Amino acid sequence: MTAVPVLVTGGAGYIGAHACKALARAGYLPVTYDSLVTGWREAVKFGPLEEGDLADRARLDAVLARWQPVAVMHFAALSLVGEAMADPGKYWRANVLSSLTLLEAMAAAGCRRLVFSSTCATYGDQDGVELDEDTPQRPINAYGASKRAIEDMIRDFGAAHGLEAVIFRYFNVAGADPEGEIGEQHRPETHLVPLLLEAVAGARPALTIHGTDYPTPDGTCIRDYVHVTDLVDAHVAGLERLLSGQGGRVYCLGTGTGFSVREVVAAAGAVTNRPVPMEEGPRRKGDAVRLVCGSTRATAELGWVPERSSMEQMIADAWRWQQRPGYRV
Ligand SMILES: NC(=O)c1ccc[n+]([C@@H]2O[C@H](COP(=O)([O-])OP(=O)(O)OC[C@H]3O[C@@H](n4cnc5c(N)ncnc54)[C@H](O)[C@@H]3O)[C@@H](O)[C@H]2O)c1
């Protein structure tokens, strides 16, 4: 039987590539649509690559017509909080306008199922509250604001054009494919786990901790971390919810456990059995103090149980990926 195509925007990026692997394993044909602005050609291993920018409507129309996907998984975005604070226009254009082009192309092509990668950054600073799907969204940076705007657009397209969407909100994704085929590598890298492992390996002089005077037990920010393979399993389950006619839904994907930056550093030292060179720096604009979300709804409705998301497992998998020959900083 021919595998059913699913269009994966951003399939050459970190999470998108892992999603392609999970889709292929579940029997789908993941067709990557990616401009390679931050992604990697060599990460597209599980289906074809259609190079193109989301802003290019004619290219999107041609790709949708060629593959006639049953759904789109939409990961492509810019996601650097600091850059978004300094240049919000870039984020509104790259994330919101591009997503609008995608939604319009999907409506024109009659493709009415979407799995969307949103973020807990849409919540902003919520004063220690454990986040869930009903927590009001009050983003404090342009990245979070752009993602919330896309969520709003998706709802409007649902009402007007029958688009059904599963929206996932998650914060810190970490780890790598346990089989070592793909892993995390952003350019530039700003994520804590790869950065600190690069410092451990001597590939960068030290990890900078951005802010040590936050109102948390050790003064550093607290985040909820999910293993990338657990995360993409939820995306496949979300897709199957749509395909079985159960309709759109919003899900938070977190473990409900927060780790401070210092706790992650300590775990990395223990897993690698090496010191983590680090220095303390000032706070970064746009960083929330504590972002932790549970997954009660995803567990109840999608049967989602994060199995690899212990901090030790995420660091061990990321470390193995970084140790391979050819890892570039
Ligand atoms: N990594 C995390 O911890 C995290 C947490 C929450 C949400 N997210 C969201 O998950 C998604 C994927 O994140 P990631 O970490 O894999 O990022 P990534 O940068 O590794 O991947 C993004 C991919 O999208 C592509 N892309 C970007 N803009 C494009 C455009 N206009 N047209 C075509 N392709 C384009 C890039 O080339 C890249 O391959 C993003 O939407 C991000 O906001 C990530």
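Residues numbered from 1 in each chain as written. Predicted model: local features only at pLDDT ≥ 70, side-chain atom pairs only at ≥ 80, totals over all residues. Heavy atoms only, no water.

Draft legend 1. Just the nonpolar core, in detail. One finds Ile15, Leu23, Met73, Phe168, Tyr170, Leu239 and Leu253 to be the most contacted residues of the largest nonpolar core, which totals 36 residues. Of all elements in the fold, only strand S1 (4–9), helix H1 (14–25), strand S4 (71–74), strand S6 (164–170), helix H7 (228–243) and helix H9 (296–302) reach the threshold of two or more residues within this core. Ranked by the residues each element gives to this core, the list is headed by H7, at eight residues. Val96, Leu103, Ala105 and Ala165 belong to the second-largest nonpolar core, a separate cluster that totals 26 residues. (Core = buried A, V, L, I, M, F, W, Y, C linked by side-chain atoms within 4.5 Å. Buried < 20%, exposed > 50% of the residue type's maximum accessible area, 1.4 Å probe, protein only. Helix = DSSP H or I, 4+ residues; strand = E, 2+ residues; numbered from the N terminus.)

Draft legend 2. Broad picture of the environment of Phe259. With respect to the element layout, Phe259 can be found in strand S11 (residues 258–260). Classification of Phe259 as partly exposed rests on a relative accessible area of 22%. Between the alpha carbons of Phe259 and Val292 there is a distance of 8.9 Å; along the sequence they are 33 residues apart. Apart from the residues lying within four places of it in its own chain, the contact partners of Phe259 are Cys221, Ile222, Arg223, Tyr225, Val264 and Met311. (Contact = heavy atoms within 4.5 Å.)

Draft legend 3. Focus on the packing of helix H2 (residues 57–67) against helix H4 (residues 88–109). Their axes nearest at 10 Å, the elements H2 and H4 cross at an angle of 40°. The pairing of H2 with H4 is recorded here as oblique in orientation. The interaxial crossing formed by H2 with H4 has right-handed handedness. Mapping the contact onto sequence places Arg57, Leu60, Asp61 and Leu64 in H2 and Thr101, Leu102, Glu104, Ala105, Met106, Ala108 and Ala109 in H4. Its residues placed into classes, the contact of H2 with H4 shows seven nonpolar, one polar and three charged. (Axes fitted to C-alpha atoms, helices over the stretch in contact; angles between N-to-C directions. Parallel < 35°, antiparallel > 145°, perpendicular 65-115°, else oblique. Left-handed = near helix turned anticlockwise from the far one by under 90°. Nonpolar A, V, L, I, M, F, W, Y, C, P; charged D, E, K, R; others polar.)

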